[in-house]
Amino acid sequence: MAPVSIFSDNVRENPPASPEPSSPLNARNLAFLDSLKSAYPDFFFKPGRKFLFRPKRTIFYLEDNDNFRFLLLHELAHALLKHFSYDTSLERLTLERDAWEKTRQLCSDYKVPFLDSLAEAELNTYRDWLHKKTLCKTCGLSCLEVNSESLYCPFCQKTYPRP
Ligand SMILES: [Zn+2]
Ligand SMILES: [Zn+2]
C-alpha cells in the first residue's frame, strides 16, 4: 500500500479558497429559493426575522434555519391558498391545518421531507393559543365561538365579548 502523503491530507483539509458567499443562505437553500422565485414570479420572497406570509404577496424567510426549505414551503402554502384573513380563532386553526396539508403536497412536489413532528408541534401551539383565548372568565371552561365578536359559555349559559 502506498504511504499516504501528509501533503495531500493537508490539501484536502484546507478550507475552500473561494470567498464566503455574501448570502448566509447555503448553496442548497439559495438554489431552492431561486427555483421558487422563478416558479412563482407573482410572489415576493424576502429575508426577515421569521417565516411569515404577509398578504397578499410577500413571503418572509429566516436565512439561518435548519428547516429552511420545509418552512418556506409552508409559507408558500399560505400564499397559494390565499390565506389573507380569518374571522375566528377556530377559522385560523383551520387555515393552519389546510396550510400544512398543502405543505405536504408541495414537499412531495419539491422532494423535501415532510416533518410531521414539526408540523404537529406548530399546530399544537395554535391549539393552545386557541384554547387559552376561549376559556370562560367565570368558570374557566371552554367557550364556543359564536362569531368574531362573541363567545358563549355553555355552562354559564352566557355570551361574552371576545377578548
Ligand atoms: Zn402557518
Ligand atoms: Zn362559564
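Let me begin by describing the structure that accompanies this report. Since the structure is predicted, the reported quantities are computational estimates derived from the model, not experimental observations.

Focus: the sheet that holds strand E5 (residues 150–153)
Taken together, the three strands give an open sheet; going across it, the order is E4-E5-E6, and neighbouring strands pair in antiparallel fashion. Bordering the open sheet on either side are strand E4 (144–145) and strand E6 (158–161), each of which pairs with just one other strand. Here E4 runs beside E5; their pairing, made up of two bridges, is antiparallel. Looking across to E5, one finds that Glu145 is bridged to Leu151.

Description of the coordination of the zinc ion (ligand 2)
Coordination of the zinc ion (ligand 2) by the protein involves Cys136 (SG), Cys139 (SG), Cys153 (SG) and Cys156 (SG), with metal-donor separations of 2.3 to 2.4 Å. Around the zinc ion (ligand 2), the four donor atoms are arranged such that angles at the metal cover 103 to 116°; this shape is classified as tetrahedral. One chain supplies every donor for the zinc ion (ligand 2), spaced along it as C-x2-C-x13-C-x2-C. In this pair, Cys139 is assigned in the loop between helix H5 (116–133) and E4 and Cys153 in strand E5, connecting sequence segments 14 residues apart.

Here's the deal with the coordination of the zinc ion (ligand 1)
Every protein donor of the zinc ion (ligand 1) is accounted for by His74 (NE2), His78 (NE2) and Glu96 (OE), and the metal-donor separations fall at 1.9 to 2.0 Å. Binding-site remark: the zinc ion (ligand 1) is held by donors from one chain whose sequence spacing is H-x3-H-x17-E. Of this pair, His74 and His78 both sit in helix H3 (residues 68–80), separated by four residues, roughly a single helical turn. Given a relative accessible area of 3%, His74 falls into the buried group. Taking relative accessible area as the criterion, His78 reaches 10% and is therefore assigned buried.

Regarding the side chain of Lys102
Relative to the helices and strands, Lys102 is located in helix H4 (residues 89–110). One buried charged residue, Lys102, remains without a salt bridge, the closest side chain of opposite sign being Asp109 at 6.5 Å. When near neighbours in sequence (up to four residues on either side) are disregarded, Lys102 contacts Ala77, Leu80 and Leu81.

Quick look at the packing of aromatic side chains
Evaluation of the coordinates by the stated rule reveals nine aromatic pairs. Where Phe32 meets Tyr110, the ring centres are 5.7 Å apart and the plane angle is 85°; that geometry is what we call edge-to-face. Here Phe32 is found in helix H2 (residues 27–39), whereas its partner Tyr110 is found in helix H4, with 78 residues between them in sequence. The class of Phe32 is buried, set by a relative accessible area of 8%. The class for Tyr110 is partly exposed, based on a relative accessible area of 25%. Ring centres of Phe53 and Phe84 lie 6.4 Å apart, and the angle between their planes is 35°; on these two criteria the pair is classed as tilted. Of this pair, Phe53 sits in strand E2 (residues 52–54) while Phe84 sits in the loop between H3 and H4; the two residues are 31 residues apart in sequence, bridging distant segments of the chain. Aromatic rings pair up to connect Phe51, Tyr61 and Phe68 into one cluster. Over the ring of Phe32 we find Arg69; its NZ or CZ atom is 5.9 Å from the centre of that ring. A cation sits over an aromatic face here: Arg92 above Trp129, 4.5 Å from the ring centre.

Cut-offs and rules
Residues numbered from 1 in each chain as written. Chains lettered and ligands numbered in written order. Predicted model: local features only at pLDDT ≥ 70, side-chain atom pairs only at ≥ 80, totals over all residues. Heavy atoms only, no water. Pairing = 2+ DSSP bridges. Helix = DSSP H or I, 4+ residues; strand = E, 2+ residues; numbered from the N terminus. Donors = N, O, S within 2.8 Å, 3.2 Å for Na, K, Ca; no water. Tetrahedral: all angles 85-135°; square planar, octahedral: opposite > 155°, others 65-115°. Buried < 20%, exposed > 50% of the residue type's maximum accessible area, 1.4 Å probe, protein only. Lys, Arg positive; Asp, Glu negative; His and termini not counted. Salt bridge = Lys/Arg side-chain N within 4 Å of Asp/Glu carboxyl O. Contact = heavy atoms within 4.5 Å. Phe/Tyr/Trp six-rings, centres within 6.5 Å; stacked < 30°, edge-to-face > 60°. Lys NZ or Arg CZ within 6 Å of the ring centre and 35° of its normal.

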